[in-house]
Each structure stands twice: as structure tokens, then as C-alpha cells.
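# Structural features, examined
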Amino acid sequence: MSLIPGAEPYRHDGGETGVLLCHGFTGTPQSLRPWAEYLADRGLTVRVPLLPGHGTRWQDMQATGWQDWYAEVDRELRELSERCTRVFVFGLSMGAGLALRLAQKHGAQISGLVLVNPSVKADSMQLRAVPVLRHFVPSVPGITSDIALEGAAEVGYDRTPLHAVHSLTRFWRIVQAGLPQVTQPLLLLHSRVDHVVHPSNSAVVLARVSSTDVTERVLERSHHVATLDHDADRIFSESYDFIQRLSAPAPAEEGMAGG
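Residues numbered from 1 in each chain as written. Predicted model: local features only at pLDDT ≥ 70, side-chain atom pairs only at ≥ 80, totals over all residues. Heavy atoms only, no water.

## Observations regarding helix 8 (residues 232-247)
- Its 16 residues place the ends of helix 8 23 Å apart at the C-alpha level, agreeing with the 22 Å of an ideal helix rising 1.5 Å per residue.
- Looking at helix 8, one finds that the buried residues are Ala232, Ile235, Phe236, Ser239, Tyr240, Phe242, Ile243 and Ser247. For helix 8, the angular spread of the buried residues around the axis is 150°, confining them to a single face.
- Structurally, helix 8 contributes buried residues whose contacts are with strand 2 (17-22), helix 1 (33-41), strand 4 (86-92), strand 5 (112-116), strand 8 (186-191) and strand 9 (214-219). (Helix = DSSP H or I, 4+ residues; strand = E, 2+ residues; numbered from the N terminus. Expected span 1.5 Å × (residues − 1). Buried < 20%, exposed > 50% of the residue type's maximum accessible area, 1.4 Å probe, protein only. Arc of directions from axis to C-beta. Contact = heavy atoms within 4.5 Å.)

## As for the pairing of strand 4
- Of all seven residues that make up strand 4, six are buried, and the element is covered over most of its length.
- Here strand 2 runs beside strand 4; their pairing, made up of six bridges, is parallel. Considered in strand 4, the bridge of Leu20 is made with Val89.
- Two elements, strand 4 and strand 5, share five bridges in a ladder whose sense is parallel. (Pairing = 2+ DSSP bridges.)

## Concerning the environment of Arg101
- Inspection of the secondary structure assignment puts Arg101 in helix 4 (residues 94-106).
- Assessed through its relative accessible area of 16%, Arg101 is described here as buried.
- Expressed as a C-alpha distance, the spacing of Arg101 and Gln181, which sit 80 residues apart in the sequence, is 9.3 Å.
- Setting aside its immediate chain neighbours within four residues, Arg101 contacts Tyr70, Phe171, Ile174 and Val175.

Next comes the structure, spelled out in C-alpha cells:
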């Protein structure tokens, strides 16, 4: 099956610090490509996999579920961990949910998390009908390109497959239940106005993780796909500063140097 132009996965081999970026539901690596290239230009090793069922036709996504999407990012994380001395995981929307699940399962193997508009719960009453409705209505209108910046567009499906939505709702419950297991340093950026994922998702994450090194940033000028929006440069620079801070050598203990 041929890929939608722009949906290709992205790989860059750089230094000893690796970053895995996870894209969102019905989206593609294109939504993260500028972020990935920003990090690659600064010498990092970067991976942006294409999740199974994405980037081709929405019908292909009907045969996949959260286990398939998670397995792909888990595989990439294991590969990065073999190559790099430290690994960070970044995610947008459902990709942030995948990042949280990786953090729950891999613990200290992950040096830090950067989440943009994380999706971890249902935000509409209509989702309650999905378990039954999916057997009669295969898809509903798409959710891509919620972007404030004029002229910017997200590569993804124009239909949302309901079998996949049903799997996503099951994944949310698993991620939420495991939030107390997340202990890694966390940078969470969320848009004040988001037409896809309500900001209350971010509040749930912040309230339930066990991380002690937590930074929250509110994006005032962007909508859901903030990585392609007005605040993209801020996301890129703050995430890189986050990596630099956590990668800096620990200061020598008092009395170690001199005399």
C-alpha cells in the first residue's frame, strides 16, 4: 500500500542522546517532522516511526488497534536504547499517551518525557456509542489539521475509523491506570484552545503522575497540532533545553575537587 506523501517515517543518526517522537491518532510523522529535524540539527539521534494502519488509507487502520501502535514505538525505543546512552520520548496527542505507556513499562530506561496536548480520556458523550456504532458506521469525519496558523496543514486521514476509536478508548483506560507509575522528568505543553483534545486531559496527567520534576507550559496561540502551529518554535526550543538540562553532567560533590 502506497504512503500518503509526507507520511514517511523519519530517522537520523546523531550522538549518544536519542529522542523517540510518537505521532497522533490518524496522523503521521509529518506532524512531528519539523520538531524532529530541529533536534537532529542539534546532533541528537532521532526516530519518528509511522504507526501501523496510518499514512495509507483510513480503511487500513480498521484492522489495527492500540497493541499494534504501542508495539511499534516499543520496538523503536528498544532499538534506540541499544544505540544511545540516554533516551527521551516525546509525543503529540495519542502519541503522548503512547509515550506515557512507554514510561510506565520501561522506567529508568527513559530519561524524560515531553508531551504536547496529551490524549488520555474521552471528551465527548458520542464516544459512549462507539462500541455499538462501529458495527454499523465504519467511519466519521476526520480530526486532522486543528491548527490556528493560516496555511498550515496536517497530513492524515479525512475519516476517523470507529473500530480504531474503540481500541483507543480501551488504551486510555490502561494509560490512566498506570499514571502513578510515571516517575520520569516531565515537560507538558498544552494549548489553551484545542478542538480535538480538551485541556482537562493535561490536568489528569499532571495530577496523577508520580514525577517530581514537572514543568507545565500553556500554549496561548496554537490549537491541537501545536507542533505545526504558532508555538512550534517554543515547543522545539523548550524541549531541547529540557534535554540539555537533564543530560548535563552532575556537579562534582563538595570536597572532590582540589586540596
